[in-house]
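# Observations on chain architecture
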Amino acid sequence: MKDTLIPAAALAKKAKTPFPGASAEYEAARQALLAEEIEFRRHMTRLVEQRRALPPGPVIEKNYRFKDEQAFEVGLADLFGDKDTLVTYFWMYGPQRERPCPMCTNWLGAVEGNAADIKQRVALKILGRSPVERQYAFAQERGWRDLNFVQTIGDDYAKDLGVLMPDGSEYPALNVFQRDGDRVRLFWASEMTLEMADPGQDPRDAPDIATLWSVLDLTPGGRGTDWYPKLQY
């Protein structure tokens, strides 16, 4: 039997503003916000539990081929290494691009900071259409040491994901795969598409894994409406 949760509003009353001089208006608004933050945390916990309870996903029948960090040809199952779970991010760095997508670069920069820890639990691979040597050259430029890049051989993988358009433009994709004996199953895929974005907002997933936006969401100005990260400043 699950423990009964204390109402969020009651928990929020236990908070104390860390510096003196707050107005009664600020205290009341902050307490109301804290109650919402507690509810949000609880909702996120339920969401995680719902995701983990997904029934078995589809078996990956197609024999997708890749080049790993040593430029050896491998299959999807090989990318797991000794792990049972494989987290993949397809980034927008196709051979036609002079430089990779700044948003993908920002996302990977944040993941790089935790990649060594993440890889203690699961396999983590960054997939791209550019030659693997080219991907690693950019990683070296950025000072990334713990991300493992993989080249997709051919475009079947990107096309089947729906992230490669007829004109050659790309979209990113976050996918999680799971071993099932000798088979590989899809466990979860990011499926929030462009048309699912709310009015006035950029399309994004929830939770937003990108540290940049999570930090800016804590600030008075928020994310802004016309600012995006660049490869160079």
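As the structure is a prediction and not an experimental result, all values here were calculated from the model.

### Re the packing of aromatic side chains
Counted by the stated rule, this structure contains 11 aromatic pairs. When the ring of tyrosine 136 is compared with that of phenylalanine 149, the centres are 5.4 Å apart and the planes differ by 80 degrees; the resulting orientation is edge-to-face. Note that tyrosine 136 is positioned in helix 4 (residues 132-142) and phenylalanine 149 in strand 5 (residues 149-152), a separation of 13 residues in sequence. Judged by relative accessible area, phenylalanine 149 falls into the buried class, the value being 1%. Taken together through their ring pairs, the aromatic side chains of Trp91, Tyr93, Tyr136, Phe138, Trp144 and Phe149 make up a single cluster. Lying across the ring of tryptophan 188, arginine 51 places its NZ or CZ 5.3 Å from the centre.

### Quick word on the state of the cysteines
Taken as a whole, this structure holds 0 disulfides when the rule is applied. Cysteine 104 provides the cysteine sulfur closest to cysteine 101, a residue in no disulfide bond, and the two sulfurs are 3.8 Å apart. Among the residues examined, cysteine 104 registers a relative accessible area of 1% and is labelled buried.

Rules used throughout
Residues numbered from 1 in each chain as written. Predicted model: local features only at pLDDT ≥ 70, side-chain atom pairs only at ≥ 80, totals over all residues. Heavy atoms only, no water. Phe/Tyr/Trp six-rings, centres within 6.5 Å; stacked < 30°, edge-to-face > 60°. Helix = DSSP H or I, 4+ residues; strand = E, 2+ residues; numbered from the N terminus. Buried < 20%, exposed > 50% of the residue type's maximum accessible area, 1.4 Å probe, protein only. Lys NZ or Arg CZ within 6 Å of the ring centre and 35° of its normal. Disulfide = S-S within 2.5 Å.

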